[in-house]
Amino acid sequence: MSAISARRTSSAAATRGGGVLPWLALPALVAFAVFALIPLIGVLLLSFTSWDTLGEIQLTGLESWKSVLTDPGLPHALWVTFLIMLLSWAFQTPASILIGVFLAGRQRYRELLAVLYFIPLLLSSAAIAITFKALLDPNFGLGAGLGLDFLTQDWLGEPGLAFGVVIFVVSWQYIPFHSLLYQGGVRQIPRSLYEAAELDGAGRVRMFFSITLPQLKYTIITSSTLMLVGSLTFFDLIFVLTEGGPGDATRALALDMYKRGFQANLMGAACVIGVILVLVGLALALLLRRIGGRDPYASQLEGV
Amino acid sequence: MESRTPSRRNFLSLSMGLPLGAALAACGTSGPAPSGGGASGGAAGGNGGGGGKASYWFLQGPPGEAPRTAAVERFNKANPNGQIAITTIQNDAYKTKIKTAIGANQAPTIIWGWGGGGLRSYVQAGQVEDLTSWFGENAAVKDRLFPGAFGAATIDGKIYAMPCETVQPIVLFYNKRVFEKVGVQPPQSYGDILELVKKFNAAGIAPFSLAGQSRWTNMMWLEFLFDRIGGPEVFQAVFDGEKDAWNNPASIEALTKMQELIKANGFIKGFSSVTADSNADQALLYTGKAAMMLHGSWSYGIQQEQGGDIVSSGGLGWMNFPGVDGGKGDPSNTVGNPGQYLSISSKATPEEKEIAKKFFASGVLDDEEQKQWVETGGVPIVKGSDKLFAGSKDAEFLNFVYGVASNAKVFAQSWDQALSPTAAEVLLDNIAKLFQLSITPQQFASNMNAVIGK
C-alpha cells in the first residue's frame, strides 16, 4: 500500500515537473536559434548570391553552387579533410586509449604525469602552431640547433611532410583531452570483473582486450564522434601552421571556405562550402550514432 | 604588398576560431547591408564623426602611427572648425574591418589603403569619391608628389585616392661579408646571378634567402623577371584584362627561368618552410647563411634592428634588380609599394568631404610629417624630400631608395595589390605551386588566364 502511494506521488511530481522542464530548455534553445539556426539560414541564403562583401548582394541563383561544384579544388579539399579526419583519428585513438588506461592507475607518479599530459590542452591552437613552426624551421629550428640532421627537413614545404606535421600537431594538442575521457572510462569499470578474470588466470594483455576495451565501447564512440566531427572544423592550427600549403596540400574545407570568403572576397562561394560543411558534419554525426548500435544506452554490466 | 604587415593574415584567424563561426558571423552581420546598401545613397553618411567632424581610420603601431597622428593633430590645431577624429586599428584587423565597415555603409570619411585592386573594388561598389576634378583644380597638390605614386590611385583613368606616406621599392639586398669571403662581386646582370648561384653553392652558402611559405615573397621574383624580360607591358596587359595575357612568350620565358633558378638550387634549402612573418628570411641574410635576398625596402630597418652590426658596420649591400640579357625591360624600372593611399567615402556628408579635402591639401605630408617619416627610415613620396636625409645615419640607403623611386621609368605596383582580391588569391596560390615545381609555366599561365578580369 505504502509502495503504491509512493509511486503515485513520484509520478505526480513527474507530471508537475513536466510543466516546468520545457521552460528550462528555453535559454539553450534561444541561444541555439540566435547563434546557430539564424546564421545558418543566412549562410544558406547567401550561397545563392554573389557578394564581394563591399557592394550590393546580388541574387545569382545557383551560380555560386555551380562554380564551387565544378571547381577541382572542391574534391581536393574534401579529400584533404577526409584524410585529416581519418589519419588523426587513427593516430589519436590508440594513443589516447593507452595513455588513458595508464593514467587510470592510482599511483602517485601517474597522477603527476596526468597533470603534465594535460598542459597542451591549455594552450591556444595559434600558440601551438607558432611554436611548432619555429621548432621546425629548417635553418633556425630544432634540427639546426641540436645539429640533428634527420630533424632538418623541409617540414612545411614538402606536401607529404607538411601533412604529417599537421596530423602530428593536431594529435599532440588533442590526445590529452581524449586520454582524460578514457581515464574516466577505465576508472568506472568494476574491479570485480578484473578479479574474476585473474581467478580464471587471465594475463594483463588478455584482460585489456577482453575487459577494458569492450567496457570502453561507449567512451570510444563518444571520443571518436568528437574527433571526427571536430576535425571537420580544424582551422586555426592549420591556417597558422601551413596556410593550407604547400600549394594546396593541407587545404581542408574550412580553410578553403575562409580563403574564398575573406581573401578572395567570394562570399557566395564561401557560403556554399559552409553549407557543404554543415551537411557533411550532420551526415557524419548520424552515421556514428548508427554505428554506435540501436540502443546506445544498453547496459554493459549485465550479470555483474 | 602585404609585407610591412606580414602577420596580418595569420592573425586574422586567431580572433575567429572556428571557420564556420567566422563565416556565420560575417554572414550574420550582412543583415543591414542590403537594406542600406546603395538604396539609401549618400544621404545618410553613416560615419561616427557627426557635427562637422570627419573621421579617419589608420593602422596602429610603429613606424607609421606617430607621424600619422601628429599630422592630424597639427591639422586640428590649425582648423578649429573642421576637426578630424582618428581611430587607430591594429594592423591585423584593419583589412577586414575596413571592408566590413564600407560594406555596411559605416565607412570613415577618410579611408586609408594600399590602392590598386582593393581600391578598384571600392570604386566598383561606388563607395569612394572621384577626385580627378579636385586634383585638376589643385594641381599644386598633385605636382609636388612622385608621379609614379598616382598609378595605383588611378582606376580607368580617374583618380580615386590621394597618395601619401612613403615609397617602398623592392630591393636586392646582399651580405657584403659573404661576398668578400667567397671573393665575388655583386651581379651586374641576370647572367651574373646564375654564375653566383654556382659559386655560392660550391662554397656551401645559399645564394638567395627566400620565405617561400609567405608566397608574396616569391611573387617579387616574378615581378622583376617579367619586367626585365618583357617590360612592364606584359603585366599591364593582365591588369587591363586582356584575354590570355599570361600566354605572352615573355611571360612563359620568365616563368621558365624562375623554375630553372629553383632547380639550380638558387634558393635556400627548404625555402617553402620559411616564413616572412617570423623574419626568418631576414635572419638567413644577416647570419650569412644566405648571400642575397630580394625584399622590400623595409627590410633595411629589420636588418638594422635585428641583424647586430651588419648595417652599422657597412656589411649590408643593396642594388636594384639587374637586367636580363636580351630583355626588353628598362633596368631602372622597379616594383613595390609606390605609396599608401587616402580615399574619401562617397557616403560622407559634404561637410566631412570638405574637411578631408582640406586635410589632403594642407595636412598630408607637410614638412613636419616628412621629417618624421625620414626618421623612421622611410622616403616620403614628395619631390625633393631627399634634402631631409642630410643628417640621417641612414642617408646612404635613403638616397638610394629616393633615386630608385624618382628615376624609375615605371614604378609598378605589387601584383597582389594591383589585382582584385579574387584574382590575387588565385595568383598567390599558383605562385606557390610554381615554386613547388608542381605545375609547369604553361599550366600556370592557363590557370591565371582563367581569372583575368575577375
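Reading guide: rules and limits
- Residues numbered from 1 in each chain as written.
- Chains lettered and ligands numbered in written order.
- Predicted model: local features only at pLDDT ≥ 70, side-chain atom pairs only at ≥ 80, totals over all residues.
- Helix = DSSP H or I, 4+ residues; strand = E, 2+ residues; numbered from the N terminus.
- Expected span 1.5 Å × (residues − 1).
- Buried ≥ 20, exposed ≤ 12 C-beta atoms within 10 Å, placed from the backbone.
- Arc of directions from axis to C-beta.
- Contact = placed C-beta atoms within 7 Å.
- Core = buried A, V, L, I, M, F, W, Y, C linked by C-beta atoms within 7 Å.
- Domains from an automatic or database assignment.
- Axes fitted to C-alpha atoms, helices over the stretch in contact; angles between N-to-C directions.
- Parallel < 35°, antiparallel > 145°, perpendicular 65-115°, else oblique.
- Left-handed = near helix turned anticlockwise from the far one by under 90°.
- Nonpolar A, V, L, I, M, F, W, Y, C, P; charged D, E, K, R; others polar.
- pLDDT = per-residue confidence, 0-100.

A.B. asks: Help me understand helix α6 (residues 125-136) of chain A in this model?
C.D. replies: Since one α-helical turn is 3.6 residues long, residues separated by three or four positions face the same way. All names here are of chain A. Its 12 residues give α6 an end-to-end C-alpha distance of 16 Å, which sits within 8% of 16 Å, the value for a rise of 1.5 Å per residue. Looking only at α6, the buried set comprises Ser125, Ala129, Ile130, Phe132, Lys133 and Leu136. Projected down its long axis, α6 carries its buried residues within an arc of 165 degrees, all on one side. Opposite the packed face of α6, turned more than 90 degrees from it, sit the exposed residues Ala127 and Thr131. Tucked inside the fold, the buried residues of α6 contact α8 (159-187) and α12 (236-242).

A.B. asks: Looking at this structure, I do not really get unusual backbone geometry. What am I missing?
C.D. replies: A negative phi angle is the norm for most residues apart from glycine, just as the trans form is the norm for most peptide bonds. Residues and elements named next belong to chain B. For Asn105, which is not glycine, the phi dihedral falls at a positive 60 degrees. Unusually for a residue other than glycine, Asp244 sits at a positive phi of about 55 degrees. With respect to the secondary-structure elements, Asp244 resides in the loop between α12 (233-239) and α13 (249-263). Here Asp244 falls in the partly exposed class, since 14 other C-beta atoms lie within 10 Å of it.

A.B. asks: Looking at this structure, how should I read the environment of Val274 of chain B?
C.D. replies: Examined against the element boundaries, Val274 of chain B turns out to sit in the loop between α13 and α14 (280-286). Look at Val274 of chain B and you get buried, because 28 C-beta atoms sit within 10 Å. When sequence neighbours within four positions are dropped, the list of residues in contact with Val274 of chain B reads Asp137 and Asn139 of chain A together with Leu210, Ala211, Gly212, Gln213, Ile268, Ala280 and Asp281 of chain B.

A.B. asks: Honestly, the environment of Lys97 of chain B in this entry has me stumped. Any pointers?
C.D. replies: In this structure, Lys97 of chain B sits in helix α5 (residues 91-103). Along the sequence, Lys97 of chain B and Ala107 of chain B sit 10 residues apart, while their C-alpha atoms lie 9.6 Å from each other.

A.B. asks: Mind showing me how you'd approach the nonpolar core here?
C.D. replies: One recurring pattern in soluble globular proteins is that nonpolar side chains are buried together. In this structure, Tyr160, Ile268, Ala290, Tyr341, Leu342 and Ala405 of chain B are the most contacted members of the largest nonpolar core, which totals 131 residues. Considering every element that reaches this core, the biggest residue donor is helix α11 (residues 216-230) of chain B, with 9 residues. Three or more residues apiece are contributed to this core by two domains, here domain 1 (42-165 + 339-383) and domain 2 (170-336 + 414-449) of chain B. If near-sequence neighbours (up to four positions away) are discounted, Ile268 of chain B is found in contact with Asn139 of chain A together with Ala206, Phe208, Ser209, Leu210, Val274, Leu284, Lys289 and Ala290 of chain B. Leu46, Ile175, Leu237 and Leu277 of chain A belong to the second largest nonpolar core, which has 51 residues in total.

A.B. asks: I would appreciate a short explanation of the packing of helix α5 (residues 108-122) of chain A against α8 of chain A in the present structure.
C.D. replies: A pair of packed helices can be characterised by two numbers: the angle between their axes and the separation between those axes. All names here are of chain A. The contact between α5 and α8 brings their axes to 7 Å, and the two run at 125 degrees. Between α5 and α8, the interaxial angle falls into the category oblique. The element α5 and its partner α8 pack so that their crossing is left-handed. When α5 is examined against α8, the residues Tyr117, Phe118, Pro120 and Leu121 are found in contact with a partner set consisting of Trp172, Gln173, Pro176, Phe177 and Ser179. Residue classes in the contact of α5 with α8 are distributed as 7 nonpolar, 2 polar and no charged.

A.B. asks: Can you walk me through the confidence of the model for chain B in this structure?
C.D. replies: A low pLDDT score tells you not to read the predicted coordinates there in detail. Of the residues in chain B, 88% reach a pLDDT of 70 or more, and the chain-wide mean stands at 84. Interface confidence for the predicted complex, expressed as ipTM, amounts to 0.77; the pTM equals 0.80.

A.B. asks: So what exactly am I meant to see when it comes to the domain arrangement of chain B here?
C.D. replies: Many analyses report the size of an interface as the accessible area lost when the parts associate. Domains assigned within chain B are domain 1 (42-165 + 339-383) and domain 2 (170-336 + 414-449). Of the residues that constitute the side of domain 1 of chain B that touches domain 2 of chain B, the class distribution is 2 nonpolar, 6 polar and 1 charged.

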